[in-house]
Amino acid sequence: MSDARQPWLIAAAALSGAAALLHLATIAGGPGWYRFLGAGERMARLAEAGSPRPALITLLIASVLAIWSAYALAGAGLIPRLPLLRTALVTITAVYLLRGLVLAPALAMNGGRASPFLWWSSLIVLAFGITYAVGTFRAWPTLAAGAR
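Residues numbered from 1 in each chain as written. Predicted model: local features only at pLDDT ≥ 70, side-chain atom pairs only at ≥ 80, totals over all residues. Heavy atoms only, no water.

### Some details on the overall build of the protein
For the protein, the count of helices and strands is 7 helices and 0 strands. Along the three orthogonal principal directions, the C-alpha set of the protein runs to about 50 × 40 × 20 Å. Relative to its full complement of 148 residues, the protein shows a buried share of 32%. Sequence-distant contacts in the protein: of pairs separated by 6 or more residues, those separated by 24 or more amount to 63%. If you sum the accessible surface of the protein, you get close to 8,400 Å²; carbon and sulfur atoms cover 74% of it. (Helix = DSSP H or I, 4+ residues; strand = E, 2+ residues; numbered from the N terminus. Buried < 20%, exposed > 50% of the residue type's maximum accessible area, 1.4 Å probe, protein only. Contact = heavy atoms within 4.5 Å. Areas by Shrake-Rupley, 256 points an atom, 1.4 Å probe, with all protein chains shown as cover.)

### Some details on the pattern of salt bridges
Evaluation of the coordinates by the stated rule reveals 3 salt bridges. A salt bridge links Glu 41 to Arg 35, with the shortest nitrogen-to-oxygen separation between them at 2.8 Å. Between Arg 45 and Glu 41 there is a salt bridge, with the nearest N and O atoms lying 3.3 Å from each other. You can see Arg 45 and its partner Glu 41 sitting in helix H3 (residues 41-48), 4 residues apart, about one turn around the helix. Of the residues examined, Arg 45 reaches a relative accessible area of 55% and is grouped as exposed. Bridged by salt links that share partners, the residues Arg 35, Glu 41, Arg 45 and Glu 48 form one connected network. (Salt bridge = Lys/Arg side-chain N within 4 Å of Asp/Glu carboxyl O.)

### Comments concerning the environment of Ala 19
Mapped onto the fold, Ala 19 is located in helix H1 (residues 7-29). C-alpha of Ala 19 to C-alpha of Ser 51: the two residues are 32 residues apart in sequence and 23 Å apart in space. Leave out the neighbours within four places in its chain, and Ala 19 touches Leu 65 and Phe 128.

### Overview of the packing of aromatic side chains
Enumeration according to the criterion identifies 3 aromatic pairs in this entry. Ring geometry for Trp 68 and Tyr 96: centres 5.0 Å apart, planes at 80°, overall edge-to-face. Here Tyr 96 lies in helix H5 (residues 85-100) and Trp 68 lies in helix H4 (residues 53-75), a separation of 28 residues in the sequence. You'll find Trp 68 and Tyr 96 in the same group, each marked buried. Pairwise contacts between aromatic rings join Trp 68, Tyr 96, Phe 128 and Tyr 132 into one cluster. (Phe/Tyr/Trp six-rings, centres within 6.5 Å; stacked < 30°, edge-to-face > 60°.)

### Comments concerning the packing of H3 against H4
Think of two packed helices as two axes; the pair is described by the angle between the axes and how far apart they sit. Where H3 contacts H4, the two axes come as close as 8 Å, and the packing angle between them is 120°. One element, H3, and the other, H4, form an angle in the oblique class. Facing Arg 42, Met 43, Leu 46 and Ala 47 of H3, the residues of H4 in contact are Arg 53, Pro 54, Ile 57 and Thr 58. Tallied by class, the residues present in the contact of H3 with H4 amount to 5 nonpolar, 1 polar and 2 charged. (Axes fitted to C-alpha atoms, helices over the stretch in contact; angles between N-to-C directions. Parallel < 35°, antiparallel > 145°, perpendicular 65-115°, else oblique. Nonpolar A, V, L, I, M, F, W, Y, C, P; charged D, E, K, R; others polar.)

### So, the nonpolar core
Counting 21 residues, the largest nonpolar core has Leu 89, Tyr 96 and Tyr 132 as its most contacted members. Setting aside its immediate chain neighbours within four residues, Tyr 96 contacts Ser 16, Leu 65, Trp 68, Val 125, Leu 126, Phe 128, Gly 129 and Tyr 132. (Core = buried A, V, L, I, M, F, W, Y, C linked by side-chain atoms within 4.5 Å.)

### Observations concerning the confidence of the model for the protein
Considering every residue of the protein, the mean pLDDT works out to 92; 95% of them sit at 70 or more. The weakest mean pLDDT in the protein belongs to helix H6 (residues 103-109) at 85; the strongest belongs to H4 at 98. (pLDDT = per-residue confidence, 0-100.)

Pasting the structure below:
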C-alpha cells in the first residue's frame, strides 16, 4: 500500500517531521529561538551560558518526533512496517490529543486566562492529534500484523 490512500498518515508524518526539524533549528538558532518558541527563560539562559542541557533536551524531543513521523510513514505504507505499529500510532495520537487538551484545565485553573504560547501550542498539537487519529482510524484494517 504505497499509494496515496493514507493521506492523513502522510500528513501526520509531515507534521511530526516538521516539528522535529523546528526543534533542530531551535538548537542552531540559540537562546532567542528558545524564547520565541516558548521553551522558557530558564532554557534560554542555560543556552546563553553555554550549557549543553537545552540542546540535549531539544535533541531528545526532535528524535522522538522523528520516530513518530516514521511510525506515521509506516502506517501509510511508505516505509517498512515498524514494531507495534497499531499500539504506537494509538499512543502517539493519545499523547498529542492529551497535550492539546491541556488548554481546558489550564483555562479553568487560571480564570479563563492562558499565555499565547499555551493557546497556540495546544491548538497546534491538537491538530496533530486529530490528524493522527483520523489517519490511524482510516488505516486501521491495514495496520494489523500481516495485513500487507
